[in-house]
Amino acid sequence: MKGALSAVSLKLKSEKRRSPFILRLILFAVFVVVAAHLVSMQFEIAKKKSELNEINSNLEAVMVSNEQLKRYYAEENRKEYIEQIARDQLDYSYSDETVYYFIPK
């Protein structure tokens, strides 16, 4: 009977030893998953910050263009605006004017 009790107590001791090992293994796995998720989030944050900077620079360009259009829209600058559009976008010029185009190499 004493031999059977020692076998049972030995079995209980080995189960007790496995429990902390399994618990540590599970905790380690959770730690690895959380760490991977944090790294992934950091990359995503960096990407979003880059996108935000690009959008802000585009916003600044649009704001400058908007201010320029507001100035041209004013009554005293309307003729100047029409002339600039005709020159820049439609390639118009005055009849007594010679236009030179510089083509970069």
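Residues numbered from 1 in each chain as written. Predicted model: local features only at pLDDT ≥ 70, side-chain atom pairs only at ≥ 80, totals over all residues. Heavy atoms only, no water.

## A few points about the overall build of the chain
Then, in step 1: A count of helical and extended segments in the chain gives two helices and zero strands.
Then, in step 2: Here the chain holds 105 residues, and the buried ones make up 3% of them.
Then, in step 3: Carbon and sulfur atoms make up 64% of the accessible area of the chain, which amounts to about 10400 Å² in all. (Helix = DSSP H or I, 4+ residues; strand = E, 2+ residues; numbered from the N terminus. Buried < 20%, exposed > 50% of the residue type's maximum accessible area, 1.4 Å probe, protein only. Areas by Shrake-Rupley, 256 points an atom, 1.4 Å probe, with all protein chains shown as cover.)

## Remarks on the pattern of salt bridges
Then, in step 1: A full pass over the atoms with the stated rule returns four salt bridges.
Then, in step 2: Here Lys48 ties to Glu51 by a salt bridge, and the two come within 4.0 Å at their closest N and O atoms. Of this pair, Lys48 and Glu51 both sit in helix H1 (residues 2-73), three residues apart, which is roughly one turn of the helix.
Then, in step 3: By relative accessible area, Glu51 is classed as partly exposed at 33%.
Then, in step 4: With a closest N to O distance of 3.3 Å, Arg87 and Glu83 form a salt bridge. Of this pair, Arg87 and Glu83 both sit in helix H2 (residues 78-88), four residues apart, roughly one helical turn. (Salt bridge = Lys/Arg side-chain N within 4 Å of Asp/Glu carboxyl O.)

## As for unusual backbone geometry
Then, in step 1: In the Ramachandran plot, Asp91 falls in the positive-phi region, its phi being about 60° despite a non-glycine side chain.
Then, in step 2: By the secondary structure assignment, Asp91 is in the segment after H2.

## Thoughts on a nonpolar patch on the surface
Then, in step 1: Together, Phe21, Ile22, Leu25, Ile26, Val30, Val34 and Leu38 make up an exposed nonpolar region whose accessible area comes to about 680 Å².
Then, in step 2: Looking at Val30, the relative accessible area reads 47%, which means it is partly exposed. (Patch = residues over 30% accessible without salt bridge, like charges linked within 9 Å, V, L, I, M, F, W, Y side chains within 5 Å.)

Geometric values such as these leave the question of function open.
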